[in-house]
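Residues per chain are reported as follows:
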Amino acid sequence: MGGGCGGDSSEDVAVVELGDEPHVLAVDDNLIDRKLVEKLLKNSSCKVTTAENAPRALDYLGLGNDTLEGTVSKVNLIITDYCMPGMTGYELLKKIKESSVLKEVPVVIMSSENIPTRISECLEEGAKMFMLKPLKQSDVKQLKWHLMECRN
Amino acid sequence: MDLVQLQRQLVEYRTSLYHEGFLDAQFTQLQELQDENNPDFVVEVVSLFFEDSERLLNELTTALEQQSVDFKRVDAHVHQLKGSSSSIGAQRVQKVCIAFRNYCEEKNVEGCLKCLQQVKHEYSLVKTKLESMFQLEQQILSAGGSIPM
């Protein structure tokens, strides 16, 4: 997250300074979709890191088995595909929400399939939004607005 | 052919691809993502799609040649192909993938083989058409013109 820790801020919540680019972690096993979501997010002035599966995402977030001390990166939003081999986006969501360090980070689930039970399952587990693929620029704009609202 | 004629030809060609269902609105989204910072974005993404699809089609061919077909594996590959084709707007390829997945669910080998043939055909068609379109765009750019939207 941006500055605001200590110094002038007396609030508990980290304050985002103007000009900070949100850092988004995008998780998707499909190469084309990763490239697309990255471009969509960059077009919305986000800094983007991509991961090709949930275990790699967890490593990056500091929750993985192979995370090295001192390499934990801060992200403001995690957007993940639902259907991934091995660990699904739903399972990734659960792990994030179970973490005391990361549970406040908004998680958005993407899926190419519009399955109501899947959607409610994710929202119940704490996903901020559920988005249908393929994503459009307008979806990402809405996402960013939502994210900025959460931060402020 | 002069520049104006080339540009007109491109617009007509592109329009026909939408009309015939080869491309859908998602392809337009891709084009809108391209800008001065990423002038080759569409070609890059489509090239990735070609590489990835060819890999998947080979995997599918192998998987369906097995004595005992692993339908989960076949379905996983088709799911990937369906996703990528949907993401770039290759509508006809995506549609065959939907039927393909149904046959996987039914564990219907013949149905799957039929779909594999169909998806290879549709993929080959859209690949040829997109390559022709890119070639036209290149000609326009080389002639000093800009690509009409």
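Residues numbered from 1 in each chain as written. Chains lettered and ligands numbered in written order. Predicted model: local features only at pLDDT ≥ 70, side-chain atom pairs only at ≥ 80, totals over all residues. Heavy atoms only, no water.

As annotated in an unreviewed UniProt entry, chain B is Histidine-containing phosphotransfer protein from Hibiscus trionum.

Filter applied, for reference: UniProt positions are given in the numbering used here, feature names are shortened, and annotations may be inferred rather than shown by experiment.
In the annotation of an unreviewed UniProt entry, the entry for chain A reads Response regulator 17, and the organism field reads Hibiscus trionum. Regarding chain A, the relevant UniProt record gives this comment under Sequence similarities (unreviewed entry): "Belongs to the ARR family. Type-A subfamily." As recorded by UniProt, the Function (unreviewed entry) comment attached to chain A reads in full: "Functions as a response regulator involved in His-to-Asp phosphorelay signal transduction system. Phosphorylation of the Asp residue in the receiver domain activates the ability of the protein to promote the transcription of target genes. Type-A response regulators seem to act as negative regulators of the cytokinin signaling."

### Details of the confidence of the model for chain B
The predicted coordinates ought not to be read in detail in places where the model reports low pLDDT. Residues and elements named next belong to chain B. What counts is decided by this rule: Scored between 0 and 100, pLDDT is the confidence that the predictor attaches to each residue. Strands here are runs of E lasting at least two residues and helices are runs of H or I lasting at least four, both read from the DSSP assignment and numbered beginning at the N terminus.
Looking at chain B as a whole, the pLDDT averages 96, with 100% of positions reaching at least 70. The least confident element of chain B, judged by mean pLDDT, is helix 2 (residues 25–33) at 95; the most confident is helix 3 (residues 41–65) at 98. In the model output, the complex is listed with pTM 0.87 alongside ipTM 0.91.

### With respect to empty space enclosed by the protein
To locate leftover empty space, one rolls a probe as large as a water molecule over the atoms. The condition that has to hold: Both cavities and pockets are sets of points on a 1 Å grid over the protein atoms alone; in a cavity a 1.4 Å probe fits but cannot get out, in a pocket the set is open with protein on both sides within 12 Å along at least five of seven lines, and lining residues sit with an atom within 4 Å of a point. Grid points are joined across faces, edges and corners, and a volume is the space filled by probe spheres set on the points. Any residue that is not Ala, Val, Leu, Ile, Met, Phe, Trp, Tyr, Cys, Pro, Asp, Glu, Lys or Arg is counted as polar, Gly included; the first ten are nonpolar and the last four charged.
Under the counting rule described, the total for this entry stands at three cavities of 30 Å³ or more. The computed volume of the largest cavity comes to approximately 130 Å³. Asp33, Ser112 and Lys133 of chain A together with His79 and Gly83 of chain B are the residues nearest the centre of the largest cavity, which is lined by 17 residues in total. Considered class by class, the residues forming the lining of the largest cavity number two nonpolar, eight polar and seven charged. What lines the second largest cavity is simply Asp28, Asp33, Leu36, Val37, Leu40, Met110, Lys133, Pro134 and Leu135 of chain A together with Ser87 of chain B. For the lining of the second largest cavity, the element with the highest residue contribution is helix 1 (residues 31–43) of chain A, accounting for four residues. Residue classes in the lining of the second largest cavity are distributed as six nonpolar, one polar and three charged.

### Things to note about the UniProt feature "modified residue: 4-aspartylphosphate" (unreviewed entry) in chain A
All names here are of chain A. Here is the rule: Classification of residues uses two cut-offs on accessible area relative to the type maximum, computed with a 1.4 Å probe and protein chains only: under 20% is buried, over 50% is exposed, and between them is partly exposed. Contacts are assigned to residue pairs with any non-hydrogen atoms lying within 4.5 Å of each other.
Sequence positions flagged by UniProt for "modified residue: 4-aspartylphosphate" (unreviewed entry) are, in local numbering, Asp81. Position of Asp81 relative to the elements: it lies in strand 3 (residues 77–81). By relative accessible area, Asp81 is classed as buried at 5%. Excluding its chain neighbours within four sequence positions, the residues that come into contact with Asp81 are Val27, Asp28, Asp29, Gly89, Met110, Ser111 and Lys133.

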